[in-house]
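Architecture and fold: a report
Residues per chain, in single letters:
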Amino acid sequence: MASPALVERAAWLRAEIERHNHLYYGLDAPEISDAEFDHLFRELQALEAQYPELSSPDSPTQRVGGAPLKNFSQITHRVPMLSLNNAFEEGEVAAFDKRVREGLETEAVDYAVEPKFDGLAITLSYEQGVLTQAATRGDGFTGEDVTANIRTIKAIPLRLAEAPPLLEVRGEVLMLKADFAELNRQQRERGEKEFANPRNAAAGSLRQLDSRITATRRLTFFAYGIGASEGVALPASHAGLMDLLAALHLPVCRERAVVRGAEGLLDYYRRIGEQRPMLPYDIDGVVYKVNDLRAQMELGFVSRAPRFAVAHKFPAEEALTVVEAIDVQVGRTGALTPVARLQPVFVGGVTVTNATLHNEDEVHRKDVRIGDTVVVRRAGDVIPEVARVVAERRPMRDLLTPLHEPFALPTTCPVCGSHVARGEDEAVARCSGGLYCPAQRKQALLHFAGRRAMDIEGLGDKLVEQLVDLGLVGNPADLYGLGMDILVNLERMAEKSAINLLEALDKSKHTTLARFIFALGIRNVGEATAKDLARHFGALDRLLVADTTALLEVPDVGPVVAQCIVEFCGEAHNREVIQQLRERGVNWAEGEGAAPAGSGAASGKTFVLTGTLPTLAREDAKAMIEAAGGKVSGSVSKKTGYVVVGAEPGSKYEKAVELGLPILDEAGLRELLNS
Ligand code: IVH
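Since we're looking at a predicted model, the values are computed, not measured.

1. Points about the site of the ligand
Inspection of the region around the ligand gives 13 residues, with Leu84, Glu114, Phe117, Glu172 and Tyr224 positioned closest. Contacts to the ligand include glutamate 114, whose side-chain N or O atom sits 2.9 Å from a nitrogen atom. Tyrosine 224 is positioned such that a nitrogen or oxygen atom in its side chain is 3.0 Å from an oxygen atom of the ligand. For the ligand, the protein covers 85% of the area, taking 530 Å² as the surface of the free molecule. When residues of the shell around the ligand are traced back to their parent elements, those giving at least two are β3 (110–117) and β10 (283–290). The class makeup of the residues in the shell around the ligand is seven nonpolar, one polar and five charged.

2. A closer look at the side chain of aspartate 210
The topology assignment puts aspartate 210 in the loop between α6 (198–206) and α7 (211–216). Within the structure, the side chain of aspartate 210 is placed 3.0 Å from the backbone nitrogen of arginine 212, a separation counted as a polar contact. The contact partners of aspartate 210, leaving out residues within four places of it in the chain, are Gly66, Pro68 and Asn149.

3. Points about the packing of helix α23 (residues 618–627) against helix α25 (residues 666–674)
Where α23 meets α25, the axes come as close as 10 Å, and the angle between the chain directions of the two elements is 25 degrees. Put simply, α23 runs roughly parallel to α25. Every pair of crossing elements has a handedness; the one defined by α23 and α25 is left-handed. Of the residues in α25, those in contact with Ala621, Met624 and Ile625 of α23 are Leu669, Arg670 and Leu673.

4. Points about helix α9 (residues 261–275)
Here α9 contains 15 residues, and its C-alpha end-to-end distance of 22 Å stays within 8% of the 21 Å for a straight helix at 1.5 Å per residue. By the burial criterion, the buried members of α9 are Gly261, Ala262, Gly264, Leu265, Leu266, Tyr268, Tyr269 and Ile272. Against α3 (90–104), β3, β9 (257–260), β10 and β13 (309–313) lie the buried residues of α9.

5. Things to note about the packing of aromatic side chains
Under the criterion given, the structure shown has 11 aromatic pairs. Taking 5.7 Å as the distance between ring centres and 40 degrees as the angle between the ring planes, the aromatic pair formed by phenylalanine 96 and tyrosine 111 counts as tilted. Taken together, the residues phenylalanine 96 in helix α3 and tyrosine 111 in strand β3 connect sequence positions 15 residues apart. Note on tyrosine 111: relative accessible area 0%, which makes it buried. Among the aromatic side chains, those forming a connected cluster through ring pairs are Phe117, Phe222 and Tyr281.

6. Structural notes on the nonpolar core
Counting residues in each nonpolar core, the largest one holds 54 residues, and the members touching the most others are Ile456, Leu479 and Leu533. Sequence-distant contacts of leucine 533, defined by excluding residues within four places in its chain, comprise Ile517, Val525, Gly538, Leu543, Leu551, Val554, Val557 and Ile565. Core analysis: the second largest hydrophobic core is formed by 33 residues, Ile122, Leu131, Ala201 and Val232 among them.

7. Points about the sheet that holds β13
One open sheet accounts for five strands, arranged β2-β13-β10-β3-β9; its pairing is mixed. Strands with a single pairing partner mark the edges of an open sheet, and in this sheet they are β2 (86–87) and β9. Two elements, β10 and β13, share five bridges in a ladder whose sense is antiparallel. Of the residues in β13, the one forming a bridge with lysine 289 is alanine 309.

8. Remarks on the pattern of salt bridges
By the definition in use, this model includes 46 salt bridges. Notably, a salt bridge pairs glutamate 102 with lysine 98, separated by 3.5 Å at the nearest N-O pair. With glutamate 102 and lysine 98 both in helix α3, this residue pair falls four residues apart, about one helical turn. For arginine 185, the salt bridge goes to glutamate 182, with nearest N and O atoms at 2.9 Å. Of this pair, arginine 185 and glutamate 182 both sit in helix α5 (residues 177–189), three residues apart, which is roughly one turn of the helix. When salt bridges that share partners are traced, they join Glu318, Arg377, Glu385 and Arg388 into one network.

Rules of the game
Residues numbered from 1 in each chain as written. Predicted model: local features only at pLDDT ≥ 70, side-chain atom pairs only at ≥ 80, totals over all residues. Heavy atoms only, no water. Near = heavy atom within 4 Å. Polar contact = N/O pair within 3.5 Å; in protein donor to acceptor, adjacent residues only side chain to side chain. Areas by Shrake-Rupley, 256 points an atom, 1.4 Å probe, with all protein chains shown as cover. Helix = DSSP H or I, 4+ residues; strand = E, 2+ residues; numbered from the N terminus. Nonpolar A, V, L, I, M, F, W, Y, C, P; charged D, E, K, R; others polar. Contact = heavy atoms within 4.5 Å. Axes fitted to C-alpha atoms, helices over the stretch in contact; angles between N-to-C directions. Parallel < 35°, antiparallel > 145°, perpendicular 65-115°, else oblique. Left-handed = near helix turned anticlockwise from the far one by under 90°. Expected span 1.5 Å × (residues − 1). Buried < 20%, exposed > 50% of the residue type's maximum accessible area, 1.4 Å probe, protein only. Phe/Tyr/Trp six-rings, centres within 6.5 Å; stacked < 30°, edge-to-face > 60°. Core = buried A, V, L, I, M, F, W, Y, C linked by side-chain atoms within 4.5 Å. Pairing = 2+ DSSP bridges. Salt bridge = Lys/Arg side-chain N within 4 Å of Asp/Glu carboxyl O.

Given below as structure tokens:
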């Protein structure tokens, strides 16, 4: 047993080491040498090794990573992680400021402004001041539990300088440009693959199941907001909030400022634009937020983005290169996409060798031909595209005749030979082969296995390629018939990976109705629609027999989507595959038509309503909340999950702000209930 003096010494060492971590990684102002730091660190390590009862998850010694995980588990965010609307033009910024002024009925608005970090959004949960959980943004409602990896980031405190019951810190994990250059140098030296840019390197490092690998990568973090909180006296402004986070030793960037009006915003944009090359980290724009937090709540949210903030993006980068060929790719729904194969060119932080030409009309409009010199454009993480042709540089046969003919889309599918059809008012032409076409089959399988669908880890494109080309898998149900005997004979498939894949397949069998519907890959049925359908019908069989009229009752389902669903479900082949999937053990909980209790973000949560909502009567809001498994209460307390605020709210709103409770407007409520 460690003596009280040793217990105290260990606690002192932990605090001291974390203080130096903050000085070094957070403030860039170390007080001691590396050797002195190592000395403290080793003393703590030795103490913890000798007296295991002294070690704790918030000890800096835990930052080296731990045993690898099998997979990341899912975490439902207490407060959804939304996204920002984008502005590209000065006019859009002026329009944003105008909307805000009108919404708040004021003359001039103060904005908190900061860089838009080009990394990954993360939420950190501190309970009683201790970092207990960290999650990625995911779909905004649920993300992946990356706590073990986040603990290895030394700029992130494991314990806060103060200990409120709950504080969720939101921010961006990134890799500094210098650390990225060093990492790639090491990768080269080891003969391993280099990362395209710091953002990819950060993402790759954070998505490691083995946190010991993450620990070897230098990642950093900047906080830009908070999620849920309890027992935190919230300041009146965003700038105040950032100061509060800084005081708690969370890294916040130095470049933040407060400016007034649209002019102030644009000045800041230009200033940061000039500094951009010198900044130690990558940014892809700046973010403007109404500084006054109460005004933020007043403005509220539209769908998935706040009305009180906007991201002003830097223009896309452009570069010149030459088109070597124009290929045609066949997508999951048979859509034929012309793709320009390019001489490699570095643009927007990556080397680009392919650029989409979108569709036939686009190629003709731009008249892109083989041999052409083209301007390639790439913005942030958007797919690169061919912006235009440099006409003067077109290779010519003689003065008047270009060397190459205009591009023509093939009339038969380049993969399966089926005829290509283009609907009258459709921009895209499609292969009519359906699942007979190997390209469509491969894409359908990849979609089925995707992270947001059945989440079959390890089933990537190389593997699907082989399985389809060898005729081993024709439809999703065949995946669940695969065995060791077949898998170990595939290329690049060691016994270990085969076992992992079988385990992943087995695990994926237990899913949700929404995921299953999404996985089917029905045209025009995305993740959100799949969720709506699951919620509305509750059971797959009810969806399978639904007619257009029944489908049109589902929120956000219009005639086109309804038609796609009816067609898909009417196809005997599709029903057969669904039947086989069920026979092979794919299962989910079915409900009455509303979300199965205990699954949604609202379930088990208490809601308080105050003020008049724009479209929902109080009774309707209550019914919706209850249908999603939530409760409605008349009074606000620490235990309240969400406060839904409408026009002219009462004192409940004040109290909610005081307690730091998550606040929603009607749109926010709908989003949450649909999640
Ligand atoms: S605020 C309610 N501030 O941009 C919106 N986001 O499109 C909360 N991002 O996923 C976001 N820098 O990861 C905010 N200074 C900044 C940011 C920032 C980068 C990212 C963030 C989010 C995306 C929003």
